[in-house]
Protein chains: 2
Amino acid sequence: MKKTALIMAGGRGERFWPKSRRSLPKQFLSLTADGRTMIQLTVERIRPLIQMEDIYISTNRAYRDLVLEQLPELPPENILCEPAGRNTAPCIGLGAVHMAKKYEDALMMVLPSDHLIKYNQMFLNALKDGCSIAEKGSNLVTIGITPDYPETGYGYIKFRPDESDGNAYAVDRFVEKPDVETAKEYLATEEYLWNSGMFIWKVSTILSNIRSFLPDMYDGLAKIGEAIGTQQQEIVLEKVFPELESVSIDYGIMEKAQDIFILPGVFGWDDVGSWLAVERIRKSNESGNVVTGNIITIHSKNNIIQGGNKLIAAVGIEDLIIVDTEDATLICDKGSTPDIKLVLENLKICNREEYL
Amino acid sequence: MKKTALIMAGGRGERFWPKSRRSLPKQFLSLTADGRTMIQLTVERIRPLIQMEDIYISTNRAYRDLVLEQLPELPPENILCEPAGRNTAPCIGLGAVHMAKKYEDALMMVLPSDHLIKYNQMFLNALKDGCSIAEKGSNLVTIGITPDYPETGYGYIKFRPDESDGNAYAVDRFVEKPDVETAKEYLATEEYLWNSGMFIWKVSTILSNIRSFLPDMYDGLAKIGEAIGTQQQEIVLEKVFPELESVSIDYGIMEKAQDIFILPGVFGWDDVGSWLAVERIRKSNESGNVVTGNIITIHSKNNIIQGGNKLIAAVGIEDLIIVDTEDATLICDKGSTPDIKLVLENLKICNREEYL
């Protein structure tokens with residue numbers, strides 16, 4: 001069966017300020033040493049399995065040019081611009097109707113554009129396993145990540161260890177982000193995986209689930225689907241899409257549907273949730289500093305320093321994140337990354353749009 | 001008696017890198033809130049006592065234009081450019097022969113160009129006291145600073161508490177920079193003051209002391225003095241000055257001479273020896289941050305942040321010095337200011353002249 005992918009690239013993440021801006025969100029940044037951006041890595045990663053013409057990118061209209069620029073081999077019509085952000089269910093539905101228009105049916109992988117994966121071959125193996133399960137019935141397959149600490153920032157998925165199919169397990173239920181005590185309990189049971197937001201299903205399967213659980217959305221998507229390829233395509237999208245219910249695929253479908261399977265993913269997944277991730281994905285030097293750019297460090301250790309041409313001299317400092325850009329510099333204690341959003345709030349309150 | 005001043009402005013201090021550079025040493029920087037540079041403040045401070053035409057600036061030729069620019073009212077011929085750095089004795093000698101050429105004799109104050117003084121009126125009173133003592137004999141007068149902690153970076157001057165003349169005491173001896181134990185002993189005796197490098201004497205007195213203790217230097221200075229105002233002035237200076245012995249006034253004269261008096265100076269003196277001084281001379285905000293420029297601080301305290309137009313966001317940081325300039329940024333722990341020189345050594349070794 002034909003394999004397709006929908007890469008979701010509409011995020012506007014603020015956690016990588018000042019490198020990430022409204023005009024340049026995280027998925028379009030390079031955080032790895034090779035200089036390739038997150039979305040470029042995402043596409044390259046799945047290319048052994050999927051033709052370029054079968055890769056779709058859903059994003060905000062504002063980022064269309066960035067996608068074209070960073071993925072010049074992608075057919076421009078595969079960039080699906082949402083007229084308004086409507087969470088993941090409409091986004092996935094829009095991808096599905098495009099794929100349904102192109103192929104009678106197909107396998108559809110849904111992938112975030114701003115995660116990193118260390119072991120690509122193991123990741124591809126997981127996708128292949130997922131395809132097999134998705135192909136042989138009306139199954140919804142998700143890829144879970146084995147938790148190694150009680151993270152409270154992710155959703156969890158409980159599986160049934162005694163109901164397996166190859167490498168996959170039947171899903172018992174999707175659960176929201178837990179508090180730390182609950183997260184610890186989840187970890188102890190060994191029956192919960194992190195929800196990575198990666199899914200595999202047939203286009204027909206997800207559409208029939210949308211019809212069952214989100215019938216109004218299904219009707220809207222059907223109208224959009226009918227108009228694809230006609231002169232009305234943009235007009236219908238513009239009119240119908242913003243009226244679709246804003247709901248996540250987890251809440252709208254996965255928490256209600258049957259026949260959900262989960263594959264425990266063991267491929268060095270990282271959601272690159274803050275500047276601290278740079279330490280995990282880049283090599284540090286003998287002093288524990290991870291540096292990029294024109295940097296001199298003196299008696300300084302365990303810092304993350306991202307600069308450019310401008311000289312940055314670090315003297316006697318420890319456990320800091322320093323990010324220098326053309327118009328703004330961040331100096332942040334490693335323990336304070338959640339407070340970066342307060343800088344952005346301050347900038348918003350003061351209408352300093354140029355820094356957002 | 002005519003009052004003159006020699007302001008020594010040849011220093012190339014590296015402690016205020018990256019704001020101070022070879023092309024812009026500390027004395028030409030503004031570190032106070034009013035925007036005036038150290039040398040401008042030094043001149044303004046003594047103007048109630050001394051005519052502009054009687055103020056001389058000794059400096060390196062490279063800084064002549066900076067002096068002209070920052071002190072536009074100074075007669076250009078009062079800028080004495082040393083063809084080569086030869087420590088303070090030749091520098092002071094050069095000033096003295098210029099003053100001797102202009103006036104038969106005069107009072108000469110010798111002042112550093114890169115110190116700050118909080119209470120100008122008390123400082124002027126000390127200078128006046130010094131002038132009185134210098135005027136009434138062949139006395140060498142120095143202004144000492146009452147030490148309030150056992151600083152090891154300054155020379156000390158021991159005085160004789162039982163031999164006073166007005167506010168001044170007879171000097172027992174000049175001593176080199178002590179180790180911390182010795183400095184503590186000095187502090188305990190209450191008979192030592194810090195050597196501030198400020199002197200007052202008659203031009204005739206210092207020249208006769210140079211003749212006694214540094215006769216070769218005296219001969220050289222005499223040749224330079226004869227040529228002043230002639231077409232040979234620059235040629236003689238260029239030829240003779242670099243051959244003068246490189247020696248400090250302390251070692252060459254003060255440690256050997258008689259009739260030295262010291263005035264304990266109580267006028268809020270600060271030698272502005274490192275970026276830490278900024279905290280003493282500028283107001284901090286309620287979080288203890290001393291900031292200049294376009295700065296946002298979030299949960300950050302007791303930092304010194306010197307920026308410009310570029311936005312600097314400080315998040316969760318403490319006790320740091322951050323100095324941003326056009327081409328270089330310093331991030332330094334407050335306890336590590338002496339290590340800033342290691343940055344400069346690194347830059348020298350790597351021939352990165354553009355940052356020096």
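Residues numbered from 1 in each chain as written. Chains lettered and ligands numbered in written order. Predicted model: local features only at pLDDT ≥ 70, side-chain atom pairs only at ≥ 80, totals over all residues. Heavy atoms only, no water.

Colleague: Just checking my understanding: could you explain the pattern of salt bridges for this structure?
Modeller: Where charged atoms of side chains with opposite charge meet at close range, the side chains can pair. All names here are of chain A. This structure, assessed with the given rule, holds 40 salt bridges over all chains. Of the charged contacts, one joins lysine 26 and aspartate 114 as a salt bridge, the two residues approaching to 3.5 Å between their closest N and O atoms. Residue lysine 26 is located in the loop between strand S1 (3–8) and helix H1 (38–46), and its partner aspartate 114 is located in the loop between strand S4 (107–112) and strand S5 (116–117); the two are separated by 88 residues in the primary sequence. Between glutamate 238 and arginine 61 there is a salt bridge, with its nearest N and O atoms 3.2 Å apart. Placement of glutamate 238 in helix H8 (residues 233–240) and of arginine 61 in the loop between strand S2 (55–60) and helix H2 (64–70) is noted, with a sequence separation of 177 residues between them. Judged by relative accessible area, which is 38%, glutamate 238 ranks as partly exposed. For arginine 61, a relative accessible area of 39% corresponds to the partly exposed category. Within the structure, one salt-bridge network assembled from shared partners comprises Arg160, Glu163, Asp172 and Arg173. (Salt bridge = Lys/Arg side-chain N within 4 Å of Asp/Glu carboxyl O. Helix = DSSP H or I, 4+ residues; strand = E, 2+ residues; numbered from the N terminus. Buried < 20%, exposed > 50% of the residue type's maximum accessible area, 1.4 Å probe, protein only.)

Colleague: It is not clear to me how the sheet that holds strand S14 (residues 304–306) of chain B should be interpreted in this structure. Could you clarify?
Modeller: Adjacent strands of a sheet form backbone hydrogen bonds with each other and so pair up, either parallel or antiparallel. With mixed pairing, 6 strands are arranged side by side in an open sheet as S13(A)-S15(A)-S17(B)-S16(B)-S14(B)-S12(B). Whereas interior strands pair on both sides, the edge strands pair on one side only; in this sheet they are strand S13 (295–298) of chain A together with strand S12 (290–292) of chain B. Neighbour-to-neighbour, the strand axes of this sheet turn through a mean angle of 5°, independent of strand direction. Examined bridge by bridge, strand S16 (residues 320–324) of chain B and strand S17 (residues 328–333) of chain B share 5 bridges and lie antiparallel to one another. Paired with leucine 320 of chain B across the bridge in S17 of chain B is aspartate 333 of chain B. Running over the sheet, helix H11 (residues 340–349) of chain B touches S13 and strand S15 (311–315) of chain A together with S17 of chain B and is turned about 135° from S13 of chain A. (Pairing = 2+ DSSP bridges. Axes fitted to C-alpha atoms, helices over the stretch in contact; angles between N-to-C directions. Contact = heavy atoms within 4.5 Å.)

Colleague: Quick question: what am I supposed to make of a nonpolar patch on the surface here?
Modeller: A grouping of Tyr119, Met122 and Val266 of chain A is seen on the molecular surface, where their side chains present a nonpolar patch of about 300 Å² in accessible area. Relative to the elements of secondary structure, methionine 122 of chain A occurs in helix H4 (residues 120–135). (Patch = residues over 30% accessible without salt bridge, like charges linked within 9 Å, V, L, I, M, F, W, Y side chains within 5 Å. Areas by Shrake-Rupley, 256 points an atom, 1.4 Å probe, with all protein chains shown as cover.)

Colleague: Help me out: how do you make sense of the sheet that holds strand S14 (residues 304–306) of chain A in this one?
Modeller: Reading across the sheet, the 6 strands line up as S12(A)-S14(A)-S16(A)-S17(A)-S15(B)-S13(B) and stay open at both edges, with mixed pairing between neighbours. Every other strand in the sheet has two partners, leaving strand S12 (290–292) of chain A together with strand S13 (295–298) of chain B as the edge strands with one partner each. On average, adjacent strands in this sheet sit at an angle of 5° to one another, irrespective of strand direction. Strands strand S17 (328–333) of chain A together with S13 and strand S15 (311–315) of chain B of the sheet are contacted by helix H11 (residues 340–349) of chain A, whose axis makes an angle of about 135° with S13 of chain B.

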